[in-house]
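Fold and contact review
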Amino acid sequence: MKLPSWMQDIFGRLKRKPLYYAFVDLEKAYDRVPREVVRWAMRDAGLDEWLVDTVMCMYSEARTVVQTDDGITEEFEVGVGVHQGSALSPLLFIIVMDRVSKRVRGGLPWELLYADDLVLMAQSLDELRDRLNKWKGDMEAKGMRVNMGKTKVMWTGGEARRDYGVKFPCAVCDKGVGSNSIMCETCGRWTHKKCSGVKGCLGRVIHFECSRCSKGMAGEGESVSDRLEIEPGVFLERVGKFCYLGEMLGEEGGAELAVASRVGKAWGKFNTLAPLLCNKGVSGKVKARMYVTCVRSCLLYGSETWALTKENQRKVECAENRMIRKMSGVKDGVPVEKMRQEMGIMKITEVIRMGRLRWFGHVRRREESSWVRRCMDMEIEGRNPKGRPKLTWRQVVRQDLELMGMEEEEAEDRDYWRFRLDCMRYRRT
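Predicted model only: the values in this text are computed from it and were never measured.

Parameters at a glance
- Residues numbered from 1 in each chain as written.
- Predicted model: local features only at pLDDT ≥ 70, side-chain atom pairs only at ≥ 80, totals over all residues.
- Heavy atoms only, no water.
- Axes fitted to C-alpha atoms, helices over the stretch in contact; angles between N-to-C directions.
- Helix = DSSP H or I, 4+ residues; strand = E, 2+ residues; numbered from the N terminus.
- Parallel < 35°, antiparallel > 145°, perpendicular 65-115°, else oblique.
- Contact = heavy atoms within 4.5 Å.
- Nonpolar A, V, L, I, M, F, W, Y, C, P; charged D, E, K, R; others polar.
- Core = buried A, V, L, I, M, F, W, Y, C linked by side-chain atoms within 4.5 Å.
- Buried < 20%, exposed > 50% of the residue type's maximum accessible area, 1.4 Å probe, protein only.
- Phe/Tyr/Trp six-rings, centres within 6.5 Å; stacked < 30°, edge-to-face > 60°.
- Pairing = 2+ DSSP bridges.
- Patch = residues over 30% accessible without salt bridge, like charges linked within 9 Å, V, L, I, M, F, W, Y side chains within 5 Å.
- Areas by Shrake-Rupley, 256 points an atom, 1.4 Å probe, with all protein chains shown as cover.
- Salt bridge = Lys/Arg side-chain N within 4 Å of Asp/Glu carboxyl O.
- Expected span 1.5 Å × (residues − 1).

With that out of the way, let us pick up the packing of helix 11 (residues 310-328) against helix 13 (residues 348-364). The axes of two packed helices give the description: the angle between them and the distance between them. In contact at an axis separation of 9 Å, helix 11 and helix 13 are set at 125 degrees when each is read in the N-to-C sense. In terms of orientation, helix 11 and helix 13 fall into the oblique class. Here Gln-313, Val-316, Glu-317 and Glu-320 of helix 11 lie close against helix 13, whose contacting residues are Ile-348, Thr-349 and Ile-352. Counted by class, the contact of helix 11 with helix 13 contains three nonpolar, two polar and two charged residues.

What follows covers the packing of helix 13 against helix 15 (residues 393-404). One can describe the packing of helix 13 onto helix 15 by two numbers: an axis separation of 10 Å at closest approach and a directional angle of 110 degrees. Taken together, the axes of helix 13 and helix 15 lie roughly perpendicular to each other. Between helix 13 and helix 15, the contacting residues are Arg-353, Arg-356, Leu-357, Trp-359 and Phe-360 on the first element and Trp-393, Arg-394, Val-396, Val-397, Asp-400, Leu-401, Leu-403 and Met-404 on the second. The class makeup of the residues in the contact of helix 13 with helix 15 is nine nonpolar, no polar and four charged.

Turning next to the nonpolar core. Counting residues in hydrophobic clusters, the biggest one holds 37 residues, and the most contacted among them are Leu-26, Val-38, Val-96, Leu-120, Leu-128, Met-139 and Met-144. Put simply, the parts of the chain that give this core at least two residues each are strand 1 (19-25), helix 2 (35-44), helix 3 (49-57), helix 4 (89-100), strand 7 (117-122), helix 5 (125-141), strand 8 (152-156) and strand 11 (227-231). In terms of residue count, helix 4 provides more of this core than any other element does, six residues in total. Residue contacts for Leu-26: discarding those within four places in its chain leaves Phe-93, Met-97, Asp-116, Met-139, Met-144, Arg-145, Val-146 and Asn-147. In terms of nonpolar packing, the next biggest core, distinct from the first, is built from 28 residues, Ala-266, Trp-267, Leu-299 and Val-336 among them.

With that out of the way, let us pick up the packing of aromatic side chains. Ring pairs (aromatic) are described by centroid distance and by the angle formed between their planes. Under the defined criterion, the tally for this structure stands at seven aromatic pairs. Taken together, a centroid distance of 5.6 Å and an interplanar angle of 55 degrees make the contact between Tyr-20 and Trp-155 tilted. In this pair, Tyr-20 sits in strand 1 while Trp-155 sits in strand 8, placing the two residues 135 residues apart along the sequence. Neither Tyr-20 nor Trp-155 differs from the other in exposure class; each is buried. Relative to Phe-23, the ring of Tyr-21 has its centre 5.8 Å away and its plane inclined at 0 degrees; by these criteria the two rings are stacked. We note that Tyr-21, like Phe-23, is buried.

Moving on: the pairing of strand 12 (residues 234-238). The sheet contact formed by strand 8 and strand 12 spans two bridges and is parallel. Among the inter-strand pairings, Val-153 is bridged to a residue of strand 12, identified as Arg-238. Note: strand 11 against strand 12, four bridges, orientation antiparallel. The partner of Glu-229 across the bridge, within strand 12, is Phe-235. Here strand 11 hands over to strand 12 after two residues, with Gly-233 in that stretch at a positive phi of 85 degrees.

Along the chain, Tyr-30 falls in the loop between strand 1 and helix 2. Judged by its relative accessible area of 24%, Tyr-30 is partly exposed. For the pair Tyr-30 and Gln-84, spaced 54 residues apart in sequence, the C-alpha to C-alpha distance is 7.8 Å. If we ignore the near neighbours within four places in the chain, the residues touching Tyr-30 are Gly-81, Val-82, Gln-84, Ser-89, Pro-90 and Phe-93.

The next subject is a nonpolar patch on the surface. Taken together, Phe-168, Met-183 and Trp-190 make up a surface patch of nonpolar side chains, about 290 Å² in accessible area. Among the structural elements, Trp-190 can be located in strand 10 (residues 190-192). Given the relative accessible area of 35%, Trp-190 is considered partly exposed.

To continue, consider helix 4. Between its terminal C-alpha atoms helix 4 stretches 16 Å, which fits the 16 Å expected from 12 residues at 1.5 Å a residue. Where helix 4 is concerned, the buried positions are Ser-89, Leu-92, Phe-93, Ile-95, Val-96, Met-97, Arg-99 and Val-100. Looking at the buried positions of helix 4, the neighbouring elements they touch are helix 2, helix 3, strand 6 (111-114) and helix 5.

Note: strands within a sheet are paired through backbone hydrogen bonds, in either parallel or antiparallel orientation. Here we have six strands laid out as an open sheet, ordered 6-7-1-8-12-11, and mixed in their pairing. Among the strands making up the open sheet, the edge pair consists of strand 6 and strand 11. If you compare each strand with its neighbour and ignore which way they point, the axes differ by 25 degrees on average.

Right under this line is the structure:
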């Protein structure tokens, strides 16, 4: 999950170089694995023959029934796929994927395979097309099938417009608009007053055209869906954003989409637990433990790789402050910091910083030959684009270390690094 975010930082945000993704979906992955392929994969992995025979006995003459509105159907034999609900099925499927893909795997950092979730990365469309066709050919040769309808492609870098994850983006700056906005008659999108260039009341303007439309830029760099032909007559849909392993990735990179997605999911979890979290009969300490365990863990999923800007931090802080006020039952008159101290809830920006440094310590202690560590310090040739450089995850970590008075070399000692982070937690609580 963290590798695609780092690659976006290095290629798209820092150097503005294109990086192409293919998110491959296997059609009914567990149900499509032929039984003979399972046997072959276990033997190819070096398992003892008696163990192979024992596992395959569970699939010998396997029969099942289907529950319908009219009752239970007659038994019928199932001759393909691994058992649903079996604790052994995930391991068997991983063994099959490992042995089937061993010939086409290129390794990190250009591909990431987690169970049946595969993402391929390349620096050109031709390279991406070749890798995808190789994977597709090897999967189909073993009886598995790639769902071309659900397989998506995306590329970052270039001049793609940023997606802030809002419902009504401004036609000029792409940030969310409010009531003080005006609609462009050309592109049909709303525009902030500060971006419209209109002086005075917006209601007096009869015919309005945004600056992008007036300059002929409305069609440049839009994150619109397109199609990529990988074979004659076979097309893949291009998307502007994709959720991979719970982490939202976008064309522009950055943490805007991830933050918007996690805030929405956290509010869904909070509303589910609202009868307890907002119950006046439950003590504040119990509410705090429930909030930290169930809600904030959902909010901060994947936050170890977020390169947060001040605006991103404000969104996360506002979401948590509103939740704390709802749990306390006090709307106005009492500062949020006082409620936070009474409930024993650590400030969310400090929790994010601790998680980021903890993950940095894990990566720093890896061998120098490890691709995860090599990607963290990867350098891409080429000049930086004009303007202020985009904030990357590595730069945010350096800021965190400077703020906490810590050195990178200290992460080599796991116990000492954990001690420093624990001190930060107790000092900030």
